[in-house]
Amino acid sequence: MLRSETPPSPGNLQADPPPDSDNPTSAQLKGDIDSGRTGDKVPHVDVGAAPLGTCEEAGGAPPTSQEVRLARQNERAPSEKAAAGIMQQRTPWITPAFAGAIAAIAVVLTLALWLTH
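Keep in mind it's a predicted model, so treat the numbers as computed, not measured.

Draft legend 1. Quick look at helix 1 (residues 26-34). The set of residues buried in helix 1 consists of S26, Q28, L29, G31, D32 and D34. Turning to helix 1, the residues buried within the fold contact helix 3 (65-75). The first or second residue beyond helix 1 is G36, which carries a positive phi of 90 degrees.

Draft legend 2. Region of the structure containing the packing of helix 1 against helix 3. With their axes 9 Å apart at the nearest point, helix 1 and helix 3 run at an angle of 5 degrees to one another. Taken together, the axes of helix 1 and helix 3 are roughly parallel relative to one another. For the pair formed by helix 1 and helix 3, the contact residues are S26, Q28, L29 and D32 on the first element and V68, A71, R72 and E75 on the second. Here the contact of helix 1 with helix 3 is built from residues that sort into three nonpolar, two polar and three charged.

Draft legend 3. Inspection of the pattern of salt bridges at higher detail. By the definition in use, this model includes four salt bridges. D34 is paired through a salt bridge with K30; the nearest N and O atoms lie 2.6 Å apart. One end of the pair is D34 and the other is K30, both in helix 1 and four residues apart, which spans about a single turn. The class of D34 is buried, set by a relative accessible area of 8%. Here R37 ties to D32 by a salt bridge, and the two come within 3.0 Å at their closest N and O atoms. Given a relative accessible area of 0%, D32 falls into the buried group.

Draft legend 4. Broad picture of the confidence of the model for the protein chain. The predicted model of the protein chain averages 80 in pLDDT, with 78% of residues at 70 or higher. For the protein chain, helix 5 (residues 87-90) is the element with the lowest average pLDDT, namely 55, and helix 6 (residues 94-116) is the one with the highest, namely 95.

Basis of the calculations
- Each chain has its residues counted from 1, running along the sequence as written.
- Residues qualify for local features only when their pLDDT is at least 70, as the model is predicted, and side-chain atom pairs are given and counted only at 80 or more; totals for whole chains, interfaces and linings, by contrast, use all residues.
- Hydrogens and waters are ignored; side-chain quantities use all the structure's heavy atoms.
- Partly exposed residues are those whose accessible area sits between 20% and 50% of the maximum for their type, while under 20% is buried and over 50% is exposed, using a 1.4 Å probe and protein chains only.
- Secondary structure counts use DSSP, requiring at least four H or I residues in a row for a helix and at least two E residues in a row for a strand, with both numbered from the N terminus.
- It only takes one pair of heavy atoms within 4.5 Å for two residues to be counted as in contact.
- To define axes, lines are fitted to C-alpha atoms, for helices over the stretch in contact only, and angles between the resulting N-to-C directions are given on a 0 to 180 degree scale.
- Any angle that falls under 35 degrees is termed roughly parallel, while one over 145 is termed roughly antiparallel, one within 65 to 115 roughly perpendicular, and all others oblique.
- Residue polarity follows a fixed list, in which Ala, Val, Leu, Ile, Met, Phe, Trp, Tyr, Cys and Pro are nonpolar, Asp, Glu, Lys and Arg are charged, and the others, Gly among them, are polar.
- Should a side-chain nitrogen of Lys or Arg be within 4 Å of a carboxyl oxygen of Asp or Glu, the pair is scored as a salt bridge.
- The pLDDT value tells you how sure the predictor is about a given residue, anywhere from 0 up to 100.

This is the structure:
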């Protein structure tokens, strides 16, 4: 059953991490991100209008294997961060704090308007 928060295919597909390679590609870097190896995203396929690296290729300067290898090393999260999951799961207090701040501002404005009458 498709619920409103369930993404349509292929966004609902689990993304497996790409293999390591001596000549990595932009697609492998995108696979690292989609698989959750970077620790900042839910491990699912992310459909993009322009795949990673498209702009560089269109501009005539595609990334070299060394550049992609460096990017993959820099983007990969430490194992404890990747095991903890996405950042939003590690900071559950943000949404209640934001809602509390909005409510406090509303109360202060209401009191200020009430006291000026």
